[in-house]
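Geometric and topological summary
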Amino acid sequence: MSRPLYIYNTLSREKEEFKPIDRKNVRLYACGPTVYNYAHIGNARPAVVFDLLAKVLRYIYGRRHVTYTRNITDIDDKIIAAAKETGAEISAITEKYAKIYDEDMAALGVEKPDHQPKATDYIGPMVRMIKKLIDAGHAYEAEGHVLFNVPSWPDYGRLSRRNRDDMVAGARVEVAPYKKDPADFVLWKPSTGDQPGWDSPWGRGRPGWHLECSAMNESINGDHFDIHAGGEDLIFPHHENEIAQSVCAHGGEAYVNYWMHNGYLMAEGEKMSKSLGNFYTVHELLDEFPGEAIRLLLLKTHYRQPLDFTKEGLAEAKRELDGWYRLKADAGHVPPALIETLCDDLNTPGAIAALHKLSGNPGALTAGANFIGLLQQDPEDWFKWQPKAAAGGLTDADIDAKIEARTNARKNKDFATSDAIRDELAAAGVILEDGAGGTTWRRG
Ligand SMILES: [Zn+2]
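Residues numbered from 1 in each chain as written. Predicted model: local features only at pLDDT ≥ 70, side-chain atom pairs only at ≥ 80, totals over all residues.

1. Considerations on the packing of helix H1 (residues 41–61) against helix H9 (residues 291–300)
At a closest axis distance of 10 Å, the pairing of H1 and H9 adopts a crossing angle of 80°. One element, H1, and the other, H9, form an angle in the roughly perpendicular class. For the pair H1 and H9, contact is made by Ala-44, Arg-45, Val-48 and Leu-52 and by Arg-295, Leu-298 and Leu-299, respectively. Of the residues assigned to the contact of H1 with H9, the class counts are 5 nonpolar, no polar and 2 charged. (Axes fitted to C-alpha atoms, helices over the stretch in contact; angles between N-to-C directions. Helix = DSSP H or I, 4+ residues; strand = E, 2+ residues; numbered from the N terminus. Parallel < 35°, antiparallel > 145°, perpendicular 65-115°, else oblique. Contact = placed C-beta atoms within 7 Å. Nonpolar A, V, L, I, M, F, W, Y, C, P; charged D, E, K, R; others polar.)

Right, here's the structure in full:
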């Protein structure tokens, strides 16, 4: 017996009861980051929201019956531009930022998905999919490009419900002489000598972004799977194009049953921009606030609503967590009412309100907060946490590393170094206590 889960399906614009294709293998895919820079807080919203959805699905169907995939886009014109600008190798850039992304999301309590495919590992399946689309009359080659021919598929536009003029305007399509129709989009494009490229029947080139998700899903989730998720800004053209590619490559078979999209994120009441000073990367926010405060703030707004992310809101979320950490106890059972609330299209504001009513039942509060990815730390560690600036720019990890260096120096009888480290930490307000079990520290 499982409780019904209702989710809002962008395809139907209605809340629907979720019915998996195979309850022994429930498949969820979310579009992941393009790794050439630090993730901003808008990028963190889908990661947190769909991490919670995966938790709910695992609770209902069992951990081993849910497959959650979130990809990494490691080939993209923005990445190529970043490599040119910095002089770094493309692989060095993508590996660096993929690792930072994973670390930053882990700090927000986001579990690693079951699969984290990298686009460049799926070039073979992408080339095969393009061949199928050409053979089926849905794609054509022109001047080293391969394009999907939009008029070849009458269902195009069903997800975004756009008419043709909106589509052409919304895609900001390049008017290219080789296109049969202005709405046609790129499946493959040629690479010049200094651009990364792969050999293909159409010459050396690289895939279009939309194709990546179609090919990775075909390889991992099969032709037809349950839930595809992403930010609202991906509905058109990214997801619209993904549907066209997959359905047409698979002989017209259905592709995804439920499409879920999170709403926009603003910061301090405005669209995030570097010039307004409200462009928040997760990496920098983590110097100022604990990851759980960021997670709580992201979940306090329902995922489909626009979210205004503010520092004041973060400070408030931190205070709420302080209160809960004072009550933290051994986890009891997850309150059924909490699960029921989440099963109503991931009603996180309702779930958080329910947690606030549980202060008289610390075991249930702890279990419920744990379920949504909060109260994961020892209260002692939680209250020890300080913003980086308040501790002479030192994070807990920095302090641990310095203490280890000091311990090694002492072992080597290099007392000049060990004393220097102690003085440096003291100047930053960190007090060391040497005991039989090693060195402990606290912030003074
Ligand atoms: Zn995608």
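More follows now that the structure is in view.
2. Overview of the packing of helix H6 (residues 209–221) against helix H7 (residues 235–249)
Contact pair H6 / H7: the axes reach a minimum separation of 8 Å and the direction vectors enclose 50°. Accordingly, the angle class assigned to the pair H6 and H7 is oblique. In this structure, the crossing between H6 and H7 has a hand that is right-handed. Residue-level contacts link His-210, Leu-211, Cys-213, Ser-214, Asn-217 and Glu-218 of H6 to His-238, Asn-241, Glu-242, Gln-245 and Ser-246 of H7. Residue composition of the contact of H6 with H7, grouped by class: 2 nonpolar, 7 polar and 2 charged. (Left-handed = near helix turned anticlockwise from the far one by under 90°.)

3. Some remarks on the sheet that holds strand E8 (residues 205–207)
The antiparallel open sheet is built from 4 strands, whose spatial order is E5-E6-E7-E8. Both edges of this open sheet fall to strand E5 (139–142) and E8, since each of them pairs with a single strand only. The sheet shows a mean angle of 20° between the axes of neighbouring strands, direction not considered. Across 3 bridges, strand E7 (residues 185–190) lies against E8 in antiparallel orientation. Pairing of Trp-188 across the sheet is with Pro-207, part of E8. (Pairing = 2+ DSSP bridges.)

4. Let's talk about the environment of Asn-257
Mapping Asn-257 onto the fold places it in strand E10 (residues 256–262). The residues contacting Asn-257, other than those within four sequence positions of it, are Ile-21 and Asp-226.

5. Remarks on the domain arrangement of the chain
Domain assignment breaks the chain into domain 1 (21–262), domain 2 (278–298 + 306–384) and domain 3 (394–443). Inter-centroid distance (C-alpha atoms) of domain 1 to domain 3 is 47 Å. (Domains from an automatic or database assignment.)

6. Section: the pairing of strand E13 (residues 430–435)
Sheet topology places E13 next to strand E14 (residues 438–443); 6 bridges connect them, and they run antiparallel. Following the sheet pairing, Gly-435 is matched in E14 by Gly-438. Hairpin connection between E13 and E14: a loop of 2 residues separates the two successive antiparallel strands.

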